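As a plain string of letters, each chain reads:
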Amino acid sequence: MNTEKPKIHFTDNYLIDPTNPITVNLIGAGGTGSKVLTALMEMNHSLIELGHAGLQVRLWDDDVVTSANLGRQRFAQCEVGLYKCVALINRANRFMGTNWKAETMKFEKDSLGKLPSNAVATIYISCVDSVKSRFDIADILSLQKNRRHHRDQPKYWLDFGNSQYTGQVILSTIGKVKQPDSEKYETVDNLPFVTEEFGGLLKQSEEHDDTPSCSLEEALEKQELFINSSLVQMGCSLLWSLFRNGLTPYRGFFHNLKDFSTHPIKVG
């Protein structure tokens, strides 16, 4: 008889019943980030309807909209030349009546090694297209692990990454998240960073041309049209389950759009 208890991560209590909106740093406003922002709009509205304080999002990206972005990303022809994060945040605020913020800069340490202003949040969501950016984010979040704030204490990092047909979403904790006593489950208080667990794979994956695409046709040669969308819906469902269910047996998944397969990653 197998008496091994299933492994579960219980959501940090602050996410379940916060006194203020949960602060979210969304890093990257491209093919994935622009769609994650839409999902966060839906999530915020749903949480508020359920009596929750909702979300306060800050979107980081120093890139501007080009014609090549139209079609795959959430931009209109009239937005070409605008900062991506400004165009998206303005639209979100007009649509939802929120007061979310845009940061027209990269989420990285400056030349003196200082953290960017407004770097602290409870949840970090990265939608970046380079391995270096992920390691830079991990470096910043490592510095946040021991910070103790009465609010905005860093708790979770959700990372989205993809190649042409495949991708993955990985949930990490920023330090340990206190778990309740449980007779039914074996609780898991620490979910490792994607850079710690899959650092080697990430570095291997970046053996392709990362120059910007000059047209939608060129962009589609690098990434399948719906790879970002399918990752976003499933990845944001994982985040939603943290709020709605208060626990998760999974911390992410590997996804392949070519053969329509998805493989979940358990928390332990």
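The structure under discussion appears in the preceding block.
Residues numbered from 1 in each chain as written. Predicted model: local features only at pLDDT ≥ 70, side-chain atom pairs only at ≥ 80, totals over all residues. Heavy atoms only, no water.

Things to note about the pairing of strand β10 (residues 250–256)
Then, in step 1: Direction of pairing for strand β7 (residues 166–173) relative to β10: antiparallel, over a ladder of 5 bridges. Across the sheet, the residue bridging to Ile170 is Gly252, located in β10.
Then, in step 2: With 6 bridges joining them, β10 and strand β11 (residues 261–266) adopt antiparallel strand pairing. Following the sheet pairing, Asn256 is matched in β11 by Ser261.
Then, in step 3: Where β10 folds back on β11, the antiparallel hairpin that results is connected by 4 residues, among which Phe260 adopts a positive phi of roughly 60°. (Pairing = 2+ DSSP bridges. Helix = DSSP H or I, 4+ residues; strand = E, 2+ residues; numbered from the N terminus.)

Notes on the side chain of Asn25
Then, in step 1: By the secondary structure assignment, Asn25 is in strand β2 (residues 22–27).
Then, in step 2: A polar atom in the side chain of Asn25 sits 2.9 Å from the backbone oxygen of Ala119.
Then, in step 3: Each residue touching Asn25, except ones within four places of it in the same chain, is listed here: Arg58, Trp60, Phe107, Asn118, Ala119, Val120, Ala121, Ile123, Tyr124 and Ile125. (Polar contact = N/O pair within 3.5 Å; in protein donor to acceptor, adjacent residues only side chain to side chain. Contact = heavy atoms within 4.5 Å.)

Things to note about the pattern of salt bridges
Then, in step 1: By the definition in use, this model includes 8 salt bridges.
Then, in step 2: Residues Lys109 and Asp139 are paired through a salt bridge, measuring 2.6 Å at the closest nitrogen-oxygen approach. Residue Lys109 is found in the loop between β4 (101–103) and β5 (123–126), and its partner Asp139 is found in helix α4 (residues 131–144); the two are separated by 30 residues along the sequence.
Then, in step 3: The partly exposed category is assigned to Lys109, whose relative accessible area is 29%. (Salt bridge = Lys/Arg side-chain N within 4 Å of Asp/Glu carboxyl O. Buried < 20%, exposed > 50% of the residue type's maximum accessible area, 1.4 Å probe, protein only.)

Let's talk about helix α2 (residues 33–49)
Then, in step 1: If you check α2, its first and last C-alpha atoms are 24 Å apart, about what 17 residues at 1.5 Å a residue would give, namely 24 Å.
Then, in step 2: Three or more residues of α2 are buried, namely Gly33, Ser34, Lys35, Val36, Leu37, Ala39, Leu40, Met41, Met43, Asn44 and Leu47.
Then, in step 3: The secondary structure elements touched by the buried residues of α2 are β2, β3 (55–60), α3 (84–96), β5, β6 (156–162) and α8 (227–244).
Then, in step 4: Among the residues trailing α2, Gly51 stands out with phi positive, at a value near 90°. (Expected span 1.5 Å × (residues − 1).)

As for the packing of aromatic side chains
Each aromatic ring pair is characterised by the separation of its centres together with the angle its planes make.
Then, in step 1: Counted according to the given criterion, the structure contains 5 aromatic pairs.
Then, in step 2: On the numbers, 6.1 Å between centres and 65° between planes, the contact of Phe10 with Tyr185 is edge-to-face. Pair noted here: Phe10 is in strand β1 (residues 7–10) and Tyr185 is in the loop between β7 and β8 (186–187), with a separation of 175 residues, a long-range link.
Then, in step 3: Between Phe198 and Phe254, the aromatic rings sit 5.6 Å apart at their centres with planes inclined by 90°, giving edge-to-face as the arrangement. Here Phe198, found in the loop between α5 (194–197) and α6 (199–205), pairs with Phe254, found in strand β10; they are 56 residues apart in sequence, far enough to count as distant. (Phe/Tyr/Trp six-rings, centres within 6.5 Å; stacked < 30°, edge-to-face > 60°.)

Quick word on the sheet that holds strand β9 (residues 247–248)
The strands making up a sheet are joined through hydrogen bonds of the backbone, oriented either antiparallel or parallel.
Then, in step 1: Strands sit in the order β8-β1-β9 across an open sheet of 3 strands; the sheet is mixed. Edge positions in the sheet fall to β8 and β9, since each has one partner strand and no second.
Then, in step 2: As defined by bridge partners, β1 adjoins β8 across 2 bridges and the pair is classed as parallel. Note that in β8 the partner of Ile8 across the bridge is Thr187.

What about the sheet that holds β4?
Then, in step 1: With mixed pairing, the 8 strands of this open sheet are ordered in space as β4-β3-β2-β5-β6-β7-β10-β11. Each edge of the sheet is formed by a strand with only one pairing partner; in this case those strands are β4 and β11. If you compare each strand with its neighbour and ignore which way they point, the axes differ by 15° on average.
Then, in step 2: Packing against the sheet, α8 makes contact with β2, β3, β5, β6, β7, β10 and β11, and its axis sits at approximately 165° to β6. (Axes fitted to C-alpha atoms, helices over the stretch in contact; angles between N-to-C directions.)

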